[in-house]
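One letter stands for each residue in the lines below.
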Amino acid sequence: MTSAATQPTGGAEATHVARESIRRLLARLQSIDPGIKNIWIADTEFHSQTKSKTGLYDAKGDLQVPVCFVFFNPITDEEIRQFYMPGAPYPLCPISLGPDTLFVAFSAQAELLTMLRLWDVMPSRILDLEMEWLALNNEEYTRKQLKNEAKVAKKHGDISPLALLGVCAIHGISTRDQEHKDRMRDLILRGGPWTEEEQQQILDYCSEDVYDTSALLAKMWTKILDTFY
């Protein structure tokens, strides 16, 4: 079975307020470099080539086996999804990775390594919100306070204040729970082949992280101007 075709769809989950904030970010970028035309936010799912004793593939280690990629442009409201079937050829990269594009992710090393596996290229301009969050909160004494803030914001369970769900919670962004995330990760680490329904579930799960990252970018970018530009 060949890889699923790239399918642009509407990014309905991105709110009007968030889109307006990101448009202001693009205007700020263009005031510095008019050549910047796009902001693409992305997330990928993958597993390693080695199975653990549980029968699931390891989440890390060895070369990555790409499972899917989801890209979202909050300026044009365009979403692009790619699912990679085991043994099928990889489709071309669907977005520009040149200096005309700011590529945004949370913990971007995962996306960058997947890009190297898929296309042997990486973006020219990268904004990693995890690194920016760590830079904003790099004092050890703040970690306990952040953890309490994340737990209170999420209202149940223990949640990392440095992971995407925790940082979103601190910024008042509603997300799915950690249990859902764990179930979907197990489905991905089971390895393929996946049914069409499972493929859709994985793509939907990946897109959830993309829209969470988009909402977080809208709230965070004004805090990182001094270090970003």
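If you're wondering where the values come from, they're calculated on a predicted model, not measured in any experiment.

## Comments concerning the pairing of strand 3 (residues 65-73)
1) Next: The element strand 3 is extensively covered by neighbouring structure, given that eight of its nine residues are classed as buried.
2) Next: Both strand 2 (residues 38-47) and strand 3 contribute to a ladder of seven bridges, which runs antiparallel. The residue bridging Thr 44 from the neighbouring strand is Phe 69, located in strand 3.
3) Next: Bridge analysis of strand 3 against strand 4 (residues 78-83) gives six bridges, and the strand direction is antiparallel. Counterpart to Cys 68 in the pairing with strand 4 is Phe 83.

## Considering the side chain of Gln 199
1) Next: Mapped onto the secondary structure, Gln 199 falls in helix 7 (residues 196-220).
2) Next: In terms of polar contacts, Gln 199 uses its side chain to reach the backbone carbonyl oxygen of Trp 194, at 3.2 Å.

## Points about the pairing of strand 6 (residues 125-128)
1) Next: Two elements, strand 5 (residues 101-105) and strand 6, share four bridges in a ladder whose sense is parallel. Paired with Phe 103 across the bridge in strand 6 is Ile 126.
2) Next: Read as a crossover between parallel neighbours, the route from strand 5 over helix 2 (residues 109-119) to strand 6 is right-handed.

## Concerning the pattern of salt bridges
Opposite charge on two side chains permits them to pair, given that their charged atoms come into close proximity.
1) Next: Summed over the entire model, instances satisfying the criterion amount to seven salt bridges.
2) Next: The salt bridge involving Asp 204 is made with Arg 81; its shortest N-O contact spans 2.9 Å. In this pair, Asp 204 is assigned in helix 7 and Arg 81 in strand 4, connecting sequence segments 123 residues apart.
3) Next: On the accessibility criterion, Arg 81 (17% relative accessible area) is buried.
4) Next: A single network of salt bridges, built from pairs that share partners, joins Glu 79, Arg 81 and Asp 204.

Reading guide: rules and limits
Residues numbered from 1 in each chain as written. Predicted model: local features only at pLDDT ≥ 70, side-chain atom pairs only at ≥ 80, totals over all residues. Heavy atoms only, no water. Buried < 20%, exposed > 50% of the residue type's maximum accessible area, 1.4 Å probe, protein only. Helix = DSSP H or I, 4+ residues; strand = E, 2+ residues; numbered from the N terminus. Pairing = 2+ DSSP bridges. Polar contact = N/O pair within 3.5 Å; in protein donor to acceptor, adjacent residues only side chain to side chain. Right-handed = clockwise from strand over helix to strand, strands pointing away. Salt bridge = Lys/Arg side-chain N within 4 Å of Asp/Glu carboxyl O.

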